[in-house]
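Structure at a glance
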Amino acid sequence: MDSRADELIEGPRGRRMLYELASLADDHLSSFAWDVERSFDNSGSAVFVSWGPASGEHERRPERAEEVGEIAARIAGRSGRDVVDEERIVVALADSVGWARAWQEPDGTDMMLEDPAFVSALRPLAERVARMPEVEWWWHPVAQHQTVTRFSYADPETRVQQPPPVPEPSGTAAQLARWRQESRETEQQFVDHAANYPGTPLSGDWWALAQYTGVWSTPSLGARGPAALHFVEDGGGERLARVWDGRPHDGARVLEITGPDDWADLCRRHPFDVTESRRHVWGLATGRQGRWVIPDWPAVAAEWDAVHLTVAGYLRTAERAVPVDGETATVLAGWDPAAAVWFGEAIELDATFTEWRRDDEAWTRVAG
């Protein structure tokens, strides 16, 4: 058994990455599978979906068994050396991250790929990818060379692109304290809504991170630029970015998230209840109903200087209902692969930056 291949097909984002890779090597695969993908979608007429509270998984009963077998066989044939290269892997991983949507039901393709026939069909490709030296870093701890990426944004009134703010490693403690207070207030609002309007779903926050706090870093992909330029959940079509090089301090305390067990353990040691604010969105995304927690990030910051999510950890863990204890679960959502969040000044950033621009789906360094 290839343990790394097992990890690549363990979670929905890993399976989607492999499927997108197969599609890049087969110009007709997506169109060939279109009708079947739609049949697995909640909007399709040939889908049966029910919620499985015990397993935390969606139960599906496809009505196109013959076509599923044909597509699976086609995927299984796309694992050769000539169809798997680094460029396609980067594109496939970016596509998988881009299709993540932990605020609603999975799309038809992700649902289709839960079928055991596809899990088996993807295994040869997973084994091929897992052995490639180009993806060895997917299992590595935080790299000593980090990059901090900030995207430009359009002014809401003038629509003129504004430069991003300079990253500030200091001041994170105050940001996290404010996050905790605001998150408690948000959760209470959802508790009040549930009491006043029982049975009425209300969409809420879907991410598991303390958004807009700390300094976020990713490794560099060489000439392609930082990983943060390519692997973005819920991206907004970003076109301009500034990038600062950074180096973690010697002895920095970095917690590595390499899979569901690490994520569950972090939530178990530092739980922050978000049951009502996540009930609807994570219920749709995972099919599970029950108590939800995320990490209490100020408590995490008191213990660690940073938390790093490996690419393999992301592919294994993201968008799954991860059990924390018998009654509680969590979801890793809103955290991009290979990203590390720094809670203090344990990372040193260069004063200068480079600028990057995206044209026709490709990022190019334009200044600095």
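Residues numbered from 1 in each chain as written. Predicted model: local features only at pLDDT ≥ 70, side-chain atom pairs only at ≥ 80, totals over all residues. Heavy atoms only, no water.

Remarks on the environment of Met17
Looking at where Met17 falls in the secondary structure, it is placed in helix H2 (residues 12-24). Note on Met17: relative accessible area 0%, which makes it buried. The spacing of Met17 and Ala126 is 109 residues in sequence and 9.7 Å in space, taken between C-alpha atoms. With sequence-adjacent residues up to four places away left out, Met17 is seen in contact with Leu8, Ala92, Leu93, Ser96, Trp138 and Leu315. (Helix = DSSP H or I, 4+ residues; strand = E, 2+ residues; numbered from the N terminus. Buried < 20%, exposed > 50% of the residue type's maximum accessible area, 1.4 Å probe, protein only. Contact = heavy atoms within 4.5 Å.)

Considering the pattern of salt bridges
If the charged atoms of two oppositely charged side chains come close together, the side chains can form a pair. Across all of its chains, the model carries 23 salt bridges by this definition. With a shortest N-O distance of 2.4 Å, Glu319 and Arg13 are connected by a salt bridge. You can see Glu319 sitting in the loop between helix H12 (311-317) and strand E12 (322-323) and its partner Arg13 sitting in helix H2, a full 306 residues away along the chain. What makes Glu319 buried here is its relative accessible area of 12%. (Salt bridge = Lys/Arg side-chain N within 4 Å of Asp/Glu carboxyl O.)

Brief notes about the sheet that holds strand E14 (residues 340-342)
Strand pairs in the sheet, formed through backbone hydrogen bonds, run parallel or antiparallel to each other. Strand order in the open sheet made by the four strands is E6-E14-E11-E8, with mixed pairing throughout. Edge positions in the open sheet fall to strand E6 (215-217) and strand E8 (254-257), since each of these has one partner strand only. Strand after strand, the sheet turns through a mean of 20 degrees between neighbouring axes, direction not considered. When E6 meets E14, the two strands line up antiparallel, connected through three bridges. Along E14, the bridge assignment pairs Val215 with Trp342. (Pairing = 2+ DSSP bridges. Axes fitted to C-alpha atoms, helices over the stretch in contact; angles between N-to-C directions.)

Considerations on helix H5 (residues 86-98)
A rise of 1.5 Å per residue sets the reference length of H5, with its 13 residues, at 18 Å; its end C-alpha atoms lie 18 Å apart and thus fit the reference within 8%. By the burial criterion, the buried members of H5 are Ile89, Val90, Ala92, Leu93, Ala94, Ser96 and Val97. Looking at the packing, one finds that the buried side of H5 touches H2, helix H7 (116-130) and H12. (Expected span 1.5 Å × (residues − 1).)

A few points about the environment of Gly69
With respect to the helices and strands, Gly69 occurs in helix H4 (residues 65-76). Measuring from C-alpha to C-alpha, the distance between Gly69 and Phe118 comes to 8.3 Å, with 49 residues separating the pair along the chain.

Remarks on the sheet that holds strand E9 (residues 271-273)
Strand order in this open sheet of four strands is E9-E10-E13-E12, and the pairing throughout is mixed. Strand pairing shows two members of the sheet lacking a second neighbour, E9 and E12, which therefore form its edges. Of the strand pairs in this sheet, strand E10 (residues 291-295) and strand E13 (residues 328-330) are connected by two bridges, and their pairing is parallel. Directly across from Arg291, in E13, lies its bridge partner Thr328. Here helix H8 (residues 172-196) sits on the sheet in contact with E9 and E10, set at roughly 40 degrees to E9.

A short note on the packing of H8 against helix H10 (residues 275-286)
Two elements in contact, H8 and H10, have axes separated by 7 Å at closest approach and are oriented at 70 degrees. Of the possible angle classes, the one that applies to H8 and H10 is roughly perpendicular. Of the residues in H10, those touching H8 at Glu187, Phe190, Val191 and Ala194 are Thr275, Glu276 and Ser277. Along the lines of polarity and charge, the residues of the contact of H8 with H10 split into three nonpolar, two polar and two charged. (Parallel < 35°, antiparallel > 145°, perpendicular 65-115°, else oblique. Nonpolar A, V, L, I, M, F, W, Y, C, P; charged D, E, K, R; others polar.)

As for empty space enclosed by the protein
Inspection of every chain in the model, using the stated rule, returns one cavity of 30 Å³ or more. If you add up the space inside the largest cavity, you get close to 30 Å³. In terms of lining residues, the largest cavity is bounded by Leu209, Ala210, Thr213, Trp216, Trp297, Val341 and Phe343. For the lining of the largest cavity, the residue count by class is six nonpolar, one polar and no charged. (1 Å grid on protein atoms, 1.4 Å probe; cavity = no way out; pocket = protein on both sides within 12 Å on 5 of 7 lines; lining within 4 Å. Points joined across faces, edges and corners; volume = space filled by probe spheres on them.)

Some thoughts on the side chain of Thr310
One can find Thr310 in the loop between strand E11 (306-309) and H12. Once residues lying within four places of it in the same chain are set aside, the contact partners of Thr310 are Trp138, His140, Glu256, Ile257, Thr258 and Ala338.

Examining the packing of aromatic side chains
The geometry of an aromatic ring pair is captured by the separation of the ring centres together with the interplanar angle, meaning the angle of the planes. Scanning all chains against the criterion turns up twelve aromatic pairs. Relative to Trp206, the ring of Trp103 has its centre 4.8 Å away and its plane inclined at 55 degrees; by these criteria the two rings are tilted. Here the residue Trp103 occupies a position in the loop between H5 and helix H6 (108-112), and Trp206 occupies one in the loop between H8 and E6, the gap between them amounting to 103 residues. Overall, Trp206 belongs to the buried group, its relative accessible area being 11%. (Phe/Tyr/Trp six-rings, centres within 6.5 Å; stacked < 30°, edge-to-face > 60°.)

Notes on the layout of surface pockets
Taken as a whole, the largest pocket holds about 1,100 Å³ of empty space. If you go around the largest pocket, you meet 32 residues; those closest to its centre are Thr149, Phe151, Gln211, Tyr212 and Trp216. Broken down by secondary-structure element, the contributors of at least two residues to the lining of the largest pocket are strand E3 (146-151) and E6. For the lining of the largest pocket, the leading source of residues is E3, giving five residues. Tallied by class, the residues present in the lining of the largest pocket amount to 15 nonpolar, eleven polar and six charged.

Concerning H2
A rise of 1.5 Å per residue sets the reference length of H2, with its 13 residues, at 18 Å; its end C-alpha atoms lie 18 Å apart and thus fit the reference within 8%. H2 sits mainly inside the fold: twelve of its 13 residues count as buried. When we look at burial in H2, the residues that qualify are Pro12, Arg13, Gly14, Arg15, Arg16, Met17, Leu18, Tyr19, Glu20, Leu21, Ala22 and Ser23.

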